[in-house]
Amino acid sequence: MDFRDDATEATFRREFRSWLATHLPSDPAPLGGPERARFWRAWHRALYEGGWMGLSWPVEYGGRGLSAMYEAIFNEEIGTAGGPPAPHVGFLGRALLHFGLDDQRRRFLPRLLSGEEVWCQGFSEPGAGSDLAALSTRASLGADHYVVNGQKVWTSDAAWADWCLLLARTDPNASRHEGISALIVDLHQPGVEVRPIVQANGDCEFNEVFFTNAVVPTDQMVGAPGQGWEIAMATVGYERGPVDVGFTSRYARLVGELEDTARAGNVDRARQLDWARAYVQVAVLRAHVMRDLSARTEGNAPGPEGSLTKLLGTRTEQMLHHVAMDLTAPAPLVGTQPDVLAAYLYSRAASIAGGTSEVQRTIVAEHLLHLPRWR
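Bear in mind that the values here come from a model prediction, so they are computed numbers and not experimental data. (Residues numbered from 1 in each chain as written. Predicted model: local features only at pLDDT ≥ 70, side-chain atom pairs only at ≥ 80, totals over all residues. Heavy atoms only, no water.)

Draft legend 1. Representation of the overall build of the protein. Of regular secondary structure, the protein possesses 13 helices and 8 strands. Viewed in the frame of its principal axes, the protein has a C-alpha envelope of about 70 × 50 × 45 Å. Counting the 375 residues in the protein, one finds 46% classified as buried. For the protein, the share of sequence-separated contacts (at least 6 apart) that also reach a separation of at least 24 residues comes to 71%. (Helix = DSSP H or I, 4+ residues; strand = E, 2+ residues; numbered from the N terminus. Buried < 20%, exposed > 50% of the residue type's maximum accessible area, 1.4 Å probe, protein only. Contact = heavy atoms within 4.5 Å.)

Draft legend 2. Inspection of the domain arrangement of the protein at higher detail. Under the domain assignment, the protein is made up of domain 1 (7–114), domain 2 (119–226) and domain 3 (240–368). In this assembly, 6 residues from domain 2 lie in contact with 5 residues from domain 3. Taking both partners together, domain 2 and domain 3 bury about 470 Å²; carbon and sulfur atoms supply 63% of that area. At the boundary of domain 2 and domain 3, one finds 0 salt bridges. Linking domain 2 to domain 3 there are 1 residue pair in polar contact (both at pLDDT 80 or more). Across the side of domain 2 that touches domain 3, the residue classes tally to 2 nonpolar, 3 polar and 1 charged. (Domains from an automatic or database assignment. Buried area = accessible area lost by both parts, 1.4 Å probe. Salt bridge = Lys/Arg side-chain N within 4 Å of Asp/Glu carboxyl O. Polar contact = N/O pair within 3.5 Å; in protein donor to acceptor, adjacent residues only side chain to side chain. Nonpolar A, V, L, I, M, F, W, Y, C, P; charged D, E, K, R; others polar.)

Draft legend 3. Here's a closer look at the packing of aromatic side chains. Evaluated as defined, the whole model comprises 13 aromatic pairs. When the ring of Phe 12 is compared with that of Trp 52, the centres are 5.5 Å apart and the planes differ by 75 degrees; the resulting orientation is edge-to-face. Of the two residues, Phe 12 sits in helix 1 (residues 7–23) while Trp 52 sits in the loop between helix 2 (33–49) and helix 3 (68–81), which places them 40 residues apart along the sequence. The two residues Phe 12 and Trp 52 agree in class, both being buried. On the numbers, 5.1 Å between centres and 85 degrees between planes, the contact of Phe 12 with Tyr 70 is edge-to-face. Of this pair, Phe 12 sits in helix 1 while Tyr 70 sits in helix 3, and the two are 58 residues apart along the sequence. The two residues Phe 12 and Tyr 70 agree in class, both being buried. (Phe/Tyr/Trp six-rings, centres within 6.5 Å; stacked < 30°, edge-to-face > 60°.)

Draft legend 4. Just the packing of helix 10 (residues 306–328) against helix 13 (residues 357–368), in detail. Following both chains from N to C, one finds helix 10 and helix 13 inclined at 145 degrees, their axes separated by 9 Å at the closest point. Where helix 10 crosses over helix 13, the handedness of that crossing is left-handed. Contacts between helix 10 and helix 13 involve Ser 307, Leu 308, Lys 310, Leu 311 and Thr 314 on the former and, on the latter, Ser 357, Gln 360, Arg 361, Ile 363, Val 364 and Leu 368. Classifying every residue of the contact of helix 10 with helix 13 gives 5 nonpolar, 4 polar and 2 charged. (Axes fitted to C-alpha atoms, helices over the stretch in contact; angles between N-to-C directions. Left-handed = near helix turned anticlockwise from the far one by under 90°.)

Draft legend 5. Spotlight on the pairing of strand 4 (residues 163–169). The buried fraction of strand 4 amounts to 7 of the 7 residues, a majority that puts the element mostly inside the structure. The alternating pattern of strand 4 places Trp 163, Leu 165, Leu 167 and Arg 169 and Cys 164, Leu 166 and Ala 168 on opposite faces, both of which are buried. Examined bridge by bridge, strand 1 (residues 119–122) and strand 4 share 4 bridges and lie parallel to one another. Paired with Trp 119 across the strands is Trp 163, a residue of strand 4. (Pairing = 2+ DSSP bridges.)

Draft legend 6. Fine view of the side chain of Lys 152. Mapped onto the elements of the fold, Lys 152 is located in strand 3 (residues 145–152). On the accessibility criterion, Lys 152 (0% relative accessible area) is buried. Discounting residues that sit within four places of it in the chain, Lys 152 has contacts with Gly 122, Phe 123, Ser 124, Glu 125, Leu 135, Thr 137, Leu 166, Leu 167, Asn 207, Glu 208, Val 209 and Phe 211.

Draft legend 7. Structural view of the packing of helix 3 against helix 8 (residues 247–265). Contact pair helix 3 / helix 8: the axes reach a minimum separation of 7 Å and the direction vectors enclose 25 degrees. When the axes of helix 3 and helix 8 are compared, the pair comes out roughly parallel. In terms of crossing hand, the pair formed by helix 3 and helix 8 is right-handed. Between helix 3, through Asn 75, Glu 76, Gly 79, Thr 80 and Ala 81, and helix 8, the contact on the second element is made entirely by Ser 249, Arg 250 and Arg 253. Looking at the contact of helix 3 with helix 8 residue by residue, the classes come out as 1 nonpolar, 4 polar and 3 charged. (Parallel < 35°, antiparallel > 145°, perpendicular 65-115°, else oblique.)

Draft legend 8. Quick look at helix 13. Taking 1.5 Å per residue, 12 residues should reach 16 Å; helix 13 reaches 15 Å between its end C-alpha atoms and fits that length. Every buried residue belonging to helix 13 is among Ser 357, Gln 360, Ile 363, Val 364 and Ala 365, and all of these are buried. Check the buried side of helix 13 and you find it contacts helix 10. Looking one or two residues past helix 13, His 370 carries a phi angle of roughly 55 degrees, positive in sign. (Expected span 1.5 Å × (residues − 1).)

Draft legend 9. Inspection of the state of the cysteines at higher detail. All chains considered together, the criterion is met by 0 disulfides. In this model Cys 120 remains outside any disulfide bridge; the closest cysteine sulfur is found in Cys 164, 3.9 Å from its own. Here Cys 204 stays unpaired: no disulfide links it, and the sulfur of Cys 120, its closest cysteine neighbor, is 15 Å away. (Disulfide = S-S within 2.5 Å.)

Draft legend 10. The pattern of salt bridges, seen in detail. As enumerated under the stated definition, the model contains 21 salt bridges in all. A salt bridge links Glu 76 to Arg 13; the shortest N-O distance between them is 2.7 Å. Of the two residues, Glu 76 sits in helix 3 while Arg 13 sits in helix 1, which places them 63 residues apart along the sequence. For the pair shown, Glu 76 and Arg 13 are each scored as buried. With its nearest N and O atoms 2.9 Å apart, the salt bridge here joins Arg 36 to Asp 203.

Draft legend 11. Quick look at the side chain of Ser 181. Looking at the element boundaries, Ser 181 is found in strand 5 (residues 180–186). A distance of 2.8 Å separates a polar atom in the side chain of Ser 181 from the backbone nitrogen of Gly 226. Look past the residues within four positions of Ser 181 in its chain and what remains in contact with it is Leu 166, Leu 167, Ala 168, Thr 170, Met 221, Ala 224, Pro 225, Gly 226 and Gly 228.

Okay, structure coming up:
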C-alpha cells in the first residue's frame, strides 16, 4: 500500500495543520481536579467545532464518513505539533457503532462526539484486571431494568464522566465468557460513587467506581445479553491501536527531541546507542502501525494482530522515557524538569493499560502462533 498522501489527503493535512497552528492550547493539561476536566472539555469542543472529530464515523451520527487514513493523519499532525492527545472517544464509540441499536446510536453518539457528554470504560476490577473474564460486578434483571452491584478500578476519566460502558455479569450460571453483558450506565445517579486515584506522577486520571443498587434500564444494554465479552474484545482492539490513539507521532516527536538533547549535551557513546535503539524501535512500531492501517482501510476490524502492536508500543514508550530520563539526568530527579519525570512515571503503566503485556503475549501465542493452551 502507498502511504503517501493523495491530493485530497494532502489538502486535509494542510488544512488541519493550519488549524492547529492557531488553536493548540498554550498550557499543558492540569494533572487533576475540575481544572483538568475543563481543559479536556474545551480541547474536545474546539476539535469538534473545527470539524475534526469523528472523521471516519458515519455522517448520520455526526462524523464525516472518511476512511481510517484520515484518522491517522489527524493523530499524526497533533503529535507532530506537540498538542494534547485527541479525546479518546473512538474506541468507545465503536462499541455502539458495531453493536448498538439505532436508537442508542442516535441518542448517544452525537453527544459523545461533540463532547457534550463524556464517557468512560468500566472493565477492570480489583480482582479481575488481567483476567477480565473473572469479573464479579453483577447486574440483576428486574421488570424493565438491571440492578448493578460491584466495583471497577483504573477507570480513566470517571471523575468527570457522564456515562460508563460497563461490563457486568448478567448470568452467574453461564460460563465465564458467556455470562457477561455490556451496559450504558448513568454515573450521576444514586448508587454510584467515584473515588479518584492519585498516581505517582501526581495525575488523577484513574478512578475507583462503586455501584450499589445502581439502576440501568434494559434498553441501555449494548448488544444481546451475554455478548459483553465480544463487545469488550472489539473495544480494546481499537483501544490498543496507536492508529486510534495517536501514539506513534508523539513517539516520533519525542525521539527527535531526544536527538537534539543528545547532540547538544555531547553525550557519551553508551547514551548515543540508547537513543539509536529508541529510534529504531519507533521506526519498527510505525511499520507495524502502517500494516494495521492498511488492513483497516480494506475494511478489516482490529484483530489479534493488534496485540503485537500493543507490545511494541509498550516497549517503545518505556524505552523512550527511560532514555529521556538518562539524557536529562539529574534534572528530573532534582525538580528542574518535572515533566520528564512525570512522563517516565506514567510510561510504567503502558504495560498494564488496555490489557497487560502478559495478556498480549497469551493472545499472540494462542491466536497468531496457535500454540496449545497451558493447563
